[in-house]
Amino acid sequence: MIGTTVARYKILSRLGAGGMGVVYEAEDTELGRRVALKFLPEETTKSADALERFKREARAVSALNHPHICTIHDVGMHDGVPFLVMEKISGQTLRHAIGGRPMPIDRVISLGEQIADALDAAHRAGIVHRDLKPANLFVTDRGDAKILDFGLAKMASAEASGPVTADAPTVAGEFLTEAGTTLGTVAYMSPEQARGDVVDARSDIFSLGVVLYEMATGRLPFEGANSAEFFAAILKTEPQEPSRWNSAIPAKLDELILKALEKDLSLRYQSAADLRGDLLRLRRDASSASAMSARDSTDRYEKISVKGRDSSDSRSGLWFGVGAIALAALAGLGYFATRGGTPGSPKSDSGAVAGGGALASASNAVAPEHSIAVLPFSDMSEKKDQGYLADGLAEELMGMLSRIPRLKVPARTSSFYFKDHPATIAEIGKALGVANILEGSVRKSGDALRIRVEMVRADDGYRVWSETYDRKLDDIFKTQDEIAGAVVKALEVRLLEGEMPRATPTTSQEAYSLYLQARALHYRGTHADNVTGIGHLERALELDPNFAPAWFGLADALIFDYVYFGGGSFEKVHARARSAAETALRLDPKLADAHLAMGRVLGELEWNWTAADAELRRALELDPNNFLALWVASGYALVGDRLDEALSLAERAVAVDSIGYGAYWGLGDVQLRRGSLVDAEAAYRKASGLNPASAGVHAWLGVVLLERGRPQEAVTAFEHETDDGWKQYGLALAFDALGHRSEADRALAVLENDFPDSRAWSIGSIYSCRQQPDRAFSWFDRAYRQRDGQLALIRADPCVGKIEGDTRYKALRKKLNLPE
């Protein structure tokens, strides 16, 4: 449909698809505005029920005019297929905003109030949504909520008059779904909807209660391995109090959410207006308490004499150096930024779709002619079960092309951002700073494989080259070589002898399939997925012990599992990871990732920084665009106090991964260590804007604000932190700076009780700031015994000047092979 004009709407790109339609971005040629066109899928046009439901959505939503409901502009037919014309919204779905982590409480309340207000308007018009869930809720770039997709809504009968009441069904008999059927997503259904009963406005209130619960805790109130278990939980199980999973939730919000989740209709909120009223009162009370606390903090802070503090761009402040605790590739959750996710959660891809967020930050510089972004390929297989193959093929091509020195190829994090955030080719090119885009699709049936690839110019969408490859699965490596060669030829890149990269084949297609599945699981960033991926890699290596990339993948996954999830003993992980890295190097000395894996073993597990640096340098000689190698090398340079080198590497990482929040996070670490506080704050704010749900990034923004003499702002930043360990560490530092010792002690107690091992270094850091060296070194010793690399960061202690004369400090630095 791209390029087609439908009525007065010129279709520009495909935005996505769902059960009730395919959505395109289009331009209204008469009004000159961007809109979204939603078509009913062609295969369902013969279904009278589907057509009726589509028309019902148009009638339902067009009857509403509310700032928190997606507006319907027009409706029409094209070649016998009906379509809706809707407002084009920039932002992200609430599902992506949650990302498996609790949201800040003020955001939960604010968004909940907006959604409740929109539901109230719909209910008064006689409309029940019946499919309220995070995927059907949108958060705009301005932070406002929008309800999408009333495709499952039921209209009140034409004979009905007045607003919808709690005890009256919203539809007449002829509009009812067949008895016993259930529509909507199971996890968010009300009990009456799960039973297949007639539903009223209170069903939406229950679904909103589920959404609020998930926003506040990062998890669902009812769980099950399948639909039957979900139904049983919704019908019979009472949910746990949300505050059990998130201690920041106030008691009144607990009560509000549980009231919305009442199974008994008579005890549930009777209207969305009542729920909105309670949310408004909760926000008012929270604002009043916050204002009183801020005034109290200001009064006390003004009494504190802070001599020598300079909020300018200097490195003389009390808090200088703390940000380096988040050093890339050593410790801290910043490593997840290179994977696109956060621990214990699905891939975190917060940010904005076309028109905002990441795209709005694009540089105006002219993209180099020899530059290309490889977008994730589409899975066109009949069962849609080859996503790992489609992603893997795109990633393999990306890796092959990135090894060409004169070719700019954005990193996986940036290119794969557009898998969940559709945008026009021009917008993608501008965001990634490339002149060309490579996109394609994969269709697998048995051992038959069809790969379609095309290269287009980013500025005008001109198709430079395209090809369809019909091959057997056994020919996949040869096909990868053909595609890479065709791209290089089309780009007219001059290669030196031996520079054309080749795919690394394996003797076993099953091993290759397991390898791709393992890497896809690894990128999800959860402990369970990573463990499953390790099993796949082990099986792949049984099938082909000479498969070098799989040995790298095993080393990478083992280190990842140990450092971030505590998987296995140090001795076992160290032995297995080193053996895997050594085997990868022996099999393929020119594999950049093999040198990267050995560098991580040497640095993060053995603290042999000199040898680790050498491996990273070799990795970058072989693959100059390898983002993870750039990011890790920058961190190692920071450990060695080679600040200019660290900055150069960090800037190269940003150039390769221009919309990856991890790149800006790493740059912020370097700028903070250099004392460039304004630049550090800008980099951390950029990172937090690209991924507000990222664990750790708000904490290090707070650290910079402390260094710049703005402790109250730092408290706010720490309060937005999604990882409780980082959050409590930052609050302890900030409240100490404000002179609020009791609040600081409470945060420190949480660290000591809940994070005695994983945050041992940070507890020692706080005690050193308090000039209590005995307690500090007790915790430093505990951290050293963990052998997980965190002690490599003690050089960045915020009060190092108060303990560096202690012989224990010098001895510790010597054990860690840190420079004097």
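The shown structure was predicted, so the numbers you read here are calculated from the model rather than taken from an experiment. (Residues numbered from 1 in each chain as written. Predicted model: local features only at pLDDT ≥ 70, side-chain atom pairs only at ≥ 80, totals over all residues. Heavy atoms only, no water.)

### What about the pattern of salt bridges?
Line of reasoning, step 1. Counted by the stated rule, this structure contains 35 salt bridges.
Line of reasoning, step 2. The closest approach of N and O atoms between Arg-34 and Glu-25, which form a salt bridge, is 2.8 Å.
Line of reasoning, step 3. Residue Arg-600 is joined to Asp-556 by a salt bridge in which the shortest nitrogen-to-oxygen separation is 2.9 Å. With Arg-600 in helix 17 (residues 592-605) and Asp-556 in helix 15 (residues 548-565), this residue pair connects regions lying 44 residues apart in the sequence.
Line of reasoning, step 4. If you follow the salt bridges from partner to partner, you end up with Glu-681, Arg-685, Arg-708, Arg-710 and Glu-713 in one network. (Salt bridge = Lys/Arg side-chain N within 4 Å of Asp/Glu carboxyl O. Helix = DSSP H or I, 4+ residues; strand = E, 2+ residues; numbered from the N terminus.)

### Considerations on the sheet that holds strand 9 (residues 137-140)
Line of reasoning, step 1. Pairing within the open sheet is antiparallel, and its three strands lie in the order 7-9-10. Either end of the sheet is taken by a strand with one partner, and the two such strands are strand 7 (91-93) and strand 10 (145-147). Neighbouring strand axes in the sheet, compared pairwise and without regard to direction, differ in orientation by 30° on average.
Line of reasoning, step 2. Bridging between strand 9 and strand 10 involves three bridges; their strand directions are antiparallel. Bridge pairing links Phe-138 to Lys-146 in strand 10.
Line of reasoning, step 3. Running over the sheet, helix 3 (residues 105-124) touches strand 9 and strand 10 and is turned about 35° from strand 10. (Pairing = 2+ DSSP bridges. Axes fitted to C-alpha atoms, helices over the stretch in contact; angles between N-to-C directions. Contact = heavy atoms within 4.5 Å.)

### What about the packing of aromatic side chains?
Line of reasoning, step 1. Applying the stated criterion across every chain, the model contains eight aromatic pairs.
Line of reasoning, step 2. Pairing Phe-206 with Phe-222 gives two aromatic rings, centres 6.0 Å apart and planes at 10°, and the pair type is stacked. In this pair, Phe-206 is assigned in helix 5 (residues 201-217) and Phe-222 in the loop between helix 5 and helix 6 (227-236), connecting sequence segments 16 residues apart.
Line of reasoning, step 3. Taking relative accessible area as the criterion, Phe-206 reaches 0% and is therefore assigned buried.
Line of reasoning, step 4. We classify Phe-222 as buried; its relative accessible area is 1%. (Phe/Tyr/Trp six-rings, centres within 6.5 Å; stacked < 30°, edge-to-face > 60°. Buried < 20%, exposed > 50% of the residue type's maximum accessible area, 1.4 Å probe, protein only.)

### Quick look at helix 19 (residues 627-639)
Line of reasoning, step 1. When the terminal C-alpha atoms of helix 19 are compared, their 19 Å separation across 13 residues agrees well with the 18 Å that a helix rising 1.5 Å per residue should span.
Line of reasoning, step 2. For helix 19, a buried count of 13 out of 13 residues is recorded, marking the element as mostly surrounded by other parts of the structure.
Line of reasoning, step 3. You can read the cap of helix 19 off the contacts: a side-chain oxygen lies 3.3 Å from the backbone nitrogen of Leu-628, and it is on Asn-626.
Line of reasoning, step 4. Just beyond helix 19, the residue with positive phi is Asp-641, at close to 60°. (Expected span 1.5 Å × (residues − 1). Polar contact = N/O pair within 3.5 Å; in protein donor to acceptor, adjacent residues only side chain to side chain.)

### A word on unusual backbone geometry
Line of reasoning, step 1. We note that Arg-130 has phi near 70°; this positive angle belongs to a residue other than glycine.
Line of reasoning, step 2. Among the secondary structure elements, Arg-130 is positioned in the loop between strand 8 (127-128) and strand 9.
Line of reasoning, step 3. Under the relative-accessibility criterion, Arg-130 is labelled buried at 7%.
Line of reasoning, step 4. Even without being glycine, Gln-771 reaches a positive phi, approximately 60°.
Line of reasoning, step 5. On the secondary structure map, Gln-771 appears in the loop between helix 27 (760-769) and helix 28 (773-786).

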